[in-house]
Amino acid sequence: MNDARARRALDGAEAGLVRMALNHPDDDVGRLVSAARYGVALARLGEVDRADGSVVDFGPRLHAHRAWVLEHLEPRLADPDPLWAVLPWLPDLVARTRTWRHELLRDVDRDALEHELTHRRLALVLGGGGGAGYGYSGVFDALHRAGLVPDLVVGTSIGALLGMFRAQHRRFDMASLMATAKRLSWSKVFRVLETESRYGLPAALRLYLRAALRGRLEAPDGSALRMKDMEIPLYIIVAGLTVDAMRHNLDWYEHLLDPSGFGSAGMTVRTALKAMSVVREFLSRPEALVQIVCGRDEGTEEFDVLDAAGFSAAVPGVIHYDVLRDDPRMRMLLDRLYARYGITRLGEGGLVANVGAKVAWESFVGGKLGPGRTPVTLAVDCFWPNPRTPVWFPLQQAVRSGNVAANRPFADVYLPLSKTLSPMNLVPGIRDTLTAMQWGKDAMDPHLPFLAAMLRGPEILHDR
């Protein structure tokens, strides 16, 4: 088992211990489970940030100990009554943990080691799915009421558009989000017209984020917020399209859909079916697509947030987003990005990672977000394969097999929203928005005790 797989297995073991403690709400059990979690955390240890800014990697040294912990803990957690299976083994785990900690402290200061072993950080991952994603606002509200603040937001498509509002400030402001929703209308957000195409793939609808959200995502000096300006780190997933990804010329994508196929709030079913066929075509050629993580990848931390979210939501043949304004800085950044990745257009992030849980996990573990490399990842999916939505079911299955299945194992909580607005309802009215918000909150509430317990982390294991 490689280190990444072993680490995820230990993540799962820690989650099993936490669920076990929740099933036995007793202080003595809580202390024992905390000791077991600490032991799992040490076995899982990889890189640790020293106080002087250097990094030490304990992963190779702990390889055999990691295997020992998994060998003994996994079958015990699979027992019908895991508590009584784990308890007899716990003294051995504690003893070995203390021995290893003494060994590791020769190479790292105690505060840095203990911080890494006991600290947990929340990653919130929001998947794509058009109008089905408006329930995310209810997820934000549920987390806020539970006192859980994300340390990272990863968004794709509608997840990027909603996620940028959550990441703007650490304190969640539902009133501000609802005020923004009231201002939006189909005519403000979308226009049906032919226009130049420079960086985005041409399509029937043009997405006008800047006009629709004027004044909403701006710095105090009135300039547009950049990815690096968000109070909560924000990563937005975008697909880079190579020449090999496109089977048709640009004019074909621009005129794929008849403008009459759009109503005052979304697409007709016939239009949606044509759009789905194009998305499935791109999904069938993953080798011709490049995953770009705006906010994390080199140079993209300077991107305007609205531009990153706009490209992430640009569905091939349906929605066109572009940077056509007189903005030398953004054009320079995009030109450099295109040269670096060998791409010809940017588009819908769901083509490469519709639920980017792996992006979140790898970013924490790889130290992209500084000390505290153990995330608790909540991944919310508004576009999972739901048999109750037969029109969308084939595309949902294609997206799952295309990239969601590979990302799902990196989520500690994977939450498929069972009740959503239609994906075609791209600019819902305030009543629909409030309904979707309540559905999202209701779906989130049962998972809050587990998330809160995971984020508390284990207590420091004291020496004898």
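Quick note: structure is the one above.
In short, a report on the structure. Just so we're clear, the structure is a prediction, and the values are computed from it rather than from any experiment.

Quick notes on the rules
Residues numbered from 1 in each chain as written. Predicted model: local features only at pLDDT ≥ 70, side-chain atom pairs only at ≥ 80, totals over all residues. Heavy atoms only, no water. Buried < 20%, exposed > 50% of the residue type's maximum accessible area, 1.4 Å probe, protein only. Helix = DSSP H or I, 4+ residues; strand = E, 2+ residues; numbered from the N terminus. Axes fitted to C-alpha atoms, helices over the stretch in contact; angles between N-to-C directions. Parallel < 35°, antiparallel > 145°, perpendicular 65-115°, else oblique. Left-handed = near helix turned anticlockwise from the far one by under 90°. Contact = heavy atoms within 4.5 Å. Nonpolar A, V, L, I, M, F, W, Y, C, P; charged D, E, K, R; others polar. Salt bridge = Lys/Arg side-chain N within 4 Å of Asp/Glu carboxyl O. Core = buried A, V, L, I, M, F, W, Y, C linked by side-chain atoms within 4.5 Å.

**Section: helix α8 (residues 158-168)**
Most of α8 sits inside the fold, with 11 of its 11 residues counted as buried. All of the buried residues in α8 are Ile158, Gly159, Ala160, Leu161, Leu162, Gly163, Met164, Phe165, Arg166, Ala167 and Gln168.

**Some points on the packing of helix α2 (residues 27-44) against helix α5 (residues 90-104)**
The packing of two helices is summarised by the inter-axis angle and the distance between the axes. In contact at an axis separation of 9 Å, α2 and α5 are set at 45° when each is read in the N-to-C sense. It follows from the interaxial angle that α2 and α5 lie oblique. In this structure, α2 meets α5 at a crossing whose hand is left-handed. For the pair formed by α2 and α5, the contact residues are Leu32, Ala35, Ala36, Tyr38, Gly39 and Leu42 on the first element and Leu90, Leu93, Val94, Thr97, Trp100, Arg101 and Leu104 on the second. Looking at the contact of α2 with α5, its residues break down into 10 nonpolar, two polar and one charged.

**Some points on the environment of aspartate 251**
On the secondary structure map, aspartate 251 appears in helix α12 (residues 250-254). Under the relative-accessibility criterion, aspartate 251 is labelled partly exposed at 47%. In sequence terms aspartate 251 and leucine 201 are 50 residues apart; their C-alpha atoms lie 9.7 Å from each other.

**Notes on the pattern of salt bridges**
In total, this model carries 25 salt bridges according to the counting rule given. Arginine 226 serves as the salt-bridge partner of glutamate 302, at 3.0 Å between the closest nitrogen and oxygen. Of this pair, glutamate 302 sits in the loop between β8 (289-294) and α14 (305-312) while arginine 226 sits in the loop between α11 (209-212) and β7 (234-241), and the two are 76 residues apart along the sequence. Its relative accessible area of 21% is what places glutamate 302 among the partly exposed residues. A residue is classified by how much of its surface remains accessible, and arginine 226, at 27% relative accessible area, is partly exposed. Note that aspartate 297 is salt-bridged to arginine 296, the shortest N-O span being 3.6 Å. Judged by relative accessible area, which is 12%, aspartate 297 ranks as buried. One network of salt bridges, in which partners are shared, links Arg8, Asp11, Glu14, Arg37, Arg44, Arg120 and Asp412.

**Overview of the nonpolar core**
Generally speaking, soluble globular proteins have nonpolar side chains that are buried together. Membership of the largest hydrophobic core comes to 133 residues, with the highest contact counts inside it found for Met164, Phe282 and Leu378. Contact partners of phenylalanine 282, with chain neighbours within four places excluded, come to Leu201, Leu241, Ala245, Met246, Tyr253, Leu289, Pro316 and Leu351. Membership of the second largest hydrophobic core comes to 37 residues, among which are Ala41, Leu45, Leu70 and Val86.

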